[in-house]
Amino acid sequence: MPTRFLIAIVVVMSLAGAASAQERGSISGKVSDKRTGHALPFANVTIPAAKLGGLTDAEGQFRIGGVPAGTHEVKVQFLGYKPVSNAAVVVTGGRNTLLNFSLEDVVVRQEKTIEVSAERRLVEAKQGTTIRSANAAEIRNLPVQTISQVLQQQAGINVENDQIHVRGGRSDETIFVVNGVANRDLVTGQSTAGQLQARSVAEVNVATGAYDVRYGNALSGVVEIKLKEGGDKLDGGLTTSAGSFGARSFQLVLGGPDPIWQPGLRKLGLAMPGTMTSILDFSGSLYETRFRYLNGVDRSKSFYERIFEPSPYRRLRSSYEDSFFGKSFKYGNFFSPAQDNRWSMRYGLTWKPNTKDKWTLSFSKRIGIDQGFSRTFINARGDQGDPAYPWQWAHNIDHAATIFEDNVQSSVEFRRALSTTSYTNFQVSRYFFAQREDVLGKLWPNYVEPEDSALFARGDPRRSDYFLDSGDDDTWQDRRTTTWGLQWSIVQRFKRHELEFGVDHDFQTVQYVTIQEPWIFDKDGLGESHDLWQVHPWVGDFYLRDRLDYEGFTGNIGLRADYWFMGREAERAVDDLGNPNLTAETRSQFYDETHAFFGRRYKIKLSPRVIVAHPITENSNFFFNYGQFTQNPSYRYVYSRLTSISSESFPLLGNPNLNPQVSVNYEVGAKTQVTSRSAVNVTFFVKDVYDYPAASQFSSGESQAGETPIPILVYLNGHFARSRGFEIELEKRRSSYWSGKLTYTYQQTKGKSSDPNEAKVVQESGGNAAETRLSETFVDWNRPHKLALNFDLRYDKDAPISWVRHTGINFYIQGISGRAYTPSDPRSTQVAEPNSKNGPFQMTTDMRINRSLGLFGKRVDLSLAGTNIFSNYIINRIDPVTGRGRIWGEGSYDPDLFPETAGNTFTKQRYVDDPSNYGPGSEWRVQLDYDF
């Protein structure tokens, strides 16, 4: 009986569904030009009473299904044509009604140009992934100066010491694409555009879920940055600021019709058709840092002493050489008046010869001179993220390392509209990155070994503290990357499909030199530990993507193939049977796991991606995406000590047979517009990453004396990680003078290890690197909770109270879990899981208040901005016993628990007194913006 009953229900429901379908029909037809008969693509066809409609395809055809039976009015609209309608269209259930339209074009008079702007939709119903955007107008109101600070305000992103972690990913898994060019240090994998000035940006889009197949070589996220272009009218702005700890900055932006090329060529008799615009952007940012004794400024001294007493400290110097039109030069004192110095210059030229073509030339250069206070050094633990403040050199800061960074980007882009439904894009680019680390501009043979330890061993009381008062820092390093890139793509729309095919190819030159402790004898004269190599790999990809648009369904299906040629140098090193840095297993696997192309060895990886959005209404949707992503390993894991031989113990050797890392991402979510000015977005995500490089212990064979095999560490694929969590966003657009966004992120990241060099750390501390941990543990950048509120109150000229007109205030309040640590209890023998606890929840508040004034018909904006305005403690290093910051006499430094700390001044100075144990307190900045 139950079975029959179920069958009866199915039959009744089927009949009901069929009956319902019979009550609806469809309308199809063609829209064409009345005069020429040509089809009109993308004309808007609507049935207002039924709230149905659609666009015509490339052949002018349209079809609207699900139309209720009866008589309807059908309207057709197309820009440049008179709208038409038919009010007596009869639709019969279960049948199609054929209906054609011929539109009459209208004569358009030349009128004054009107600029039209519109807000971004709160909910993009056809968007099937998580992309967060900010434009220049929004960035202007935020208490930020750099792109990194803009990213910090986005859900799912944590930024520490310029290290960006997206949804629990490592800091080298996010790629920055600036005007179509990837900005990345290929040696470390770190993106290099985080310090880009926020005022230079027209728009920034951050993809943290699955992203389009045109982007690759990133596992966690893509930050697409579009810089400002010159407009049809002369405009620009001047920004100056001054703030805490000697901070000062300026920026000049000038754009408009190009005053040089088009008029100049016209004078030479070469008429350039169309329009030509340009932009010039020049900026400088100087900061004395929050630490004492730096750059000749001892803040413990009085104002009189600082002014009239000579300082023993000198300006930062670097041995880095640059060139201009073949002439070499060094950067003098002008470029390093502060402890942290950043300069940038950009020139952009846009030429539109006609309505179809667009040429864009762009050149930019950014340099930085500092002592690494916001960096992590390559020879330290890579992803730990600890501040690189050279505390040991605080009393002799001149002799700590100076970092010089150089970024140069140039590109030529051509875009052509092939038809109303297709276009093509071609770009040639060059990106150059260099970083030099040295002491006082010296080369390594001139370094002086510190004598403090020797004097201390002889009982000299003047050398009993932790600080180094003699000699130089122990590292000289130079790394350089040059990438020539070719990109081409073509897009074709037809009917309900949009096809895109693209090809990218990069010619890379990478050079790396590092020398540590150069005063120790080595047969090569390069100190105890050194590594030097130059390689010329090729990387590239080709992809195909189809974007489908049907009723109730929008899909983005793509396939990407990434290839990687390891380069001649790697091939020669593998072929050299006398090379002691490569094992026989590595050589065999290299040829088994690579392919040959005209004698060159390469690897290739296919990555499918599927992005689906289901619009429930015009302002709400459900979405799902799945994707595989690959990223080539940082080149230090591939080419380190490819041919060089270092005399250090436990050397880390690169592996030219490393595979690209692979990430498998899943994301599901829903977006809905609650009111006309507010929306909610909920997203769940899971990300699995495989083939992380990690150092593993091997034996290089017997020593020359035929005794004990020499232990070596080689990078191999094998480590993995999983990140999962969810994000909730509530956004309100401006109404009643205020807007806001509330976000909450929960994420949990576990992996095999946090540090690819963990085995070396274990070996040097006396452990056995061969005994590896098998279980997953929390990574040391895991911060599960992030709650953020952005509130903006802004009054325009129509404000009800006159004295608040043209005034605005922005608050950004963030709460985030403290840094991960491994708890320790000296009274217990139980060993805690690594990174299983987090430090105290940290709250910070940033603020910007501004008021606009009129000056000679132009806008002047005066603002006061503050970060961490309540000076809450930001703990950078956790005491594993107390779970709080390091305090002398407590936890790990309690003499009752650890008697060896009693009266130990050296330990106190080394671990507790370091000011970088805590982040900065409140910092304020007064800023003046003049727009003309």
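Above this text you will find the structure in question.
Since the model is a prediction, treat every value here as computed from it, not as a measurement. (Residues numbered from 1 in each chain as written. Predicted model: local features only at pLDDT ≥ 70, side-chain atom pairs only at ≥ 80, totals over all residues. Heavy atoms only, no water.)

Trainee: How do you make sense of the overall build of the chain when you look at a structure like this?
Mentor: Along the backbone of the chain there are eleven helices and 45 strands. Here the chain, with 932 residues, has 49% of them falling under the buried criterion. Accessible surface, the chain as shown: approximately 44800 Å² in total, 58% of it carbon and sulfur. (Helix = DSSP H or I, 4+ residues; strand = E, 2+ residues; numbered from the N terminus. Buried < 20%, exposed > 50% of the residue type's maximum accessible area, 1.4 Å probe, protein only. Areas by Shrake-Rupley, 256 points an atom, 1.4 Å probe, with all protein chains shown as cover.)

Trainee: Help me understand the environment of asparagine 556 in this model?
Mentor: Of note, asparagine 556 is situated in strand β29 (residues 553-565). Through-space distance from the C-alpha of asparagine 556 to that of aspartate 546 is 5.9 Å; in sequence the pair is ten residues apart. Residues within four places of asparagine 556 in sequence aside, it is in contact with Asp212, Arg545, Asp546, Arg547, Arg609, Val610 and Ile611. Side-chain polar atoms of asparagine 556 contact the side chain of aspartate 212, separated by 3.2 Å. (Contact = heavy atoms within 4.5 Å. Polar contact = N/O pair within 3.5 Å; in protein donor to acceptor, adjacent residues only side chain to side chain.)

Trainee: Would you mind showing me how to read the packing of helix α7 (residues 568-575) against helix α8 (residues 584-593) here?
Mentor: Between two packed helices, both the angle of their axes relative to each other and the distance between the axes serve to describe the pair. At a closest axis distance of 9 Å, the pairing of α7 and α8 adopts a crossing angle of 130°. The angle between the axes of α7 and α8 places the two elements in the oblique class. The element α7 and its partner α8 pack so that their crossing is left-handed. Counted together, Glu571, Ala573, Val574 and Asp575 of α7 and Arg587, Phe590 and Tyr591 of α8 form the full contact between these two elements. The class makeup of the residues in the contact of α7 with α8 is four nonpolar, no polar and three charged. (Axes fitted to C-alpha atoms, helices over the stretch in contact; angles between N-to-C directions. Parallel < 35°, antiparallel > 145°, perpendicular 65-115°, else oblique. Left-handed = near helix turned anticlockwise from the far one by under 90°. Nonpolar A, V, L, I, M, F, W, Y, C, P; charged D, E, K, R; others polar.)

Trainee: So what exactly am I meant to see when it comes to the packing of aromatic side chains here?
Mentor: To describe a pair of aromatic rings, one takes the distance between the centres and the angle between the planes. Scanning the entire structure with this criterion turns up 39 aromatic pairs. Each ring, one from tyrosine 331 and one from phenylalanine 335, has its centre 5.1 Å from the other, and the planes form 85°; the classification is edge-to-face. Considering the side-chain rings of tryptophan 488 and phenylalanine 501, the 6.1 Å spacing of their centres and the 70° angle between planes classify their relative orientation as edge-to-face. Placement of tryptophan 488 in strand β25 (residues 475-494) and of phenylalanine 501 in strand β26 (residues 497-516) is noted, with a sequence separation of 13 residues between them. The structure contains a cluster of three or more aromatic residues connected by ring pairs, namely Phe250, Phe282, Tyr320, Phe329, Tyr331, Phe334, Phe335, Trp343 and Phe404. The ring of tryptophan 538 is capped by arginine 600, whose NZ or CZ atom sits 4.9 Å from the centre of that ring. The side chain of lysine 732 reaches across the aromatic face of tryptophan 738, ending 4.0 Å from its centre. (Phe/Tyr/Trp six-rings, centres within 6.5 Å; stacked < 30°, edge-to-face > 60°. Lys NZ or Arg CZ within 6 Å of the ring centre and 35° of its normal.)

Trainee: Where do I start with helix α11 (residues 905-912) in this structure?
Mentor: For α11, every residue scored as buried is listed here: Thr907, Gln909 and Val912. Between a side-chain oxygen at the N-terminus of α11 and the backbone nitrogen of phenylalanine 906 the separation is 3.3 Å; the capping residue is asparagine 904.

Trainee: How do you make sense of a nonpolar patch on the surface when you look at a structure like this?
Mentor: Judged by side-chain polarity, Phe426, Trp484, Leu486, Trp488, Phe501, Val503, Phe507, Phe542, Leu544 and Ile604 come together as a nonpolar surface patch covering roughly 870 Å² of accessible area. Put simply, the parts of the chain that give the nonpolar patch at least two residues each are β25, β26 and β28 (538-550). Here leucine 544 lies in strand β28. The class of leucine 544 is partly exposed, set by a relative accessible area of 48%. (Patch = residues over 30% accessible without salt bridge, like charges linked within 9 Å, V, L, I, M, F, W, Y side chains within 5 Å. Salt bridge = Lys/Arg side-chain N within 4 Å of Asp/Glu carboxyl O.)

Trainee: I keep staring at the pairing of strand β17 (residues 248-257) and nothing clicks. Help me out?
Mentor: Within a regular beta strand, the side chains point alternately toward one face of the sheet and then the other, so they alternate between its two faces. Relative to β17, strand β16 (residues 235-243) runs antiparallel, the two sharing eight bridges. When the sheet's bridge partners are listed, serine 241 is paired in β17 with serine 249. Here β16 folds back onto β17, and the loop between the two strands holds four residues, one of which, phenylalanine 245, carries a positive phi near 55°. Summarising the sheet, β17 and strand β18 (residues 275-287) pair through ten bridges and their orientation is antiparallel. Paired with glutamine 251 across the bridge in β18 is serine 283. (Pairing = 2+ DSSP bridges.)

Trainee: Is there a simple way to think about the sheet that holds strand β3 (residues 52-55) in this case?
Mentor: Think of a sheet as strands paired side by side through backbone hydrogen bonds, with each pair either parallel or antiparallel. The four strands are arranged β3-β2-β5-β6 in an open sheet whose pairing can be described as antiparallel. Two strands lie at the open edges of the sheet, namely β3 and β6 (84-91), each paired on one side alone. With strand direction ignored, the average angle separating the axes of adjacent strands in the sheet is 20°. Note: strand β2 (residues 44-47) against β3, four bridges, orientation antiparallel. Note that in β3 the partner of threonine 46 across the bridge is glycine 53.

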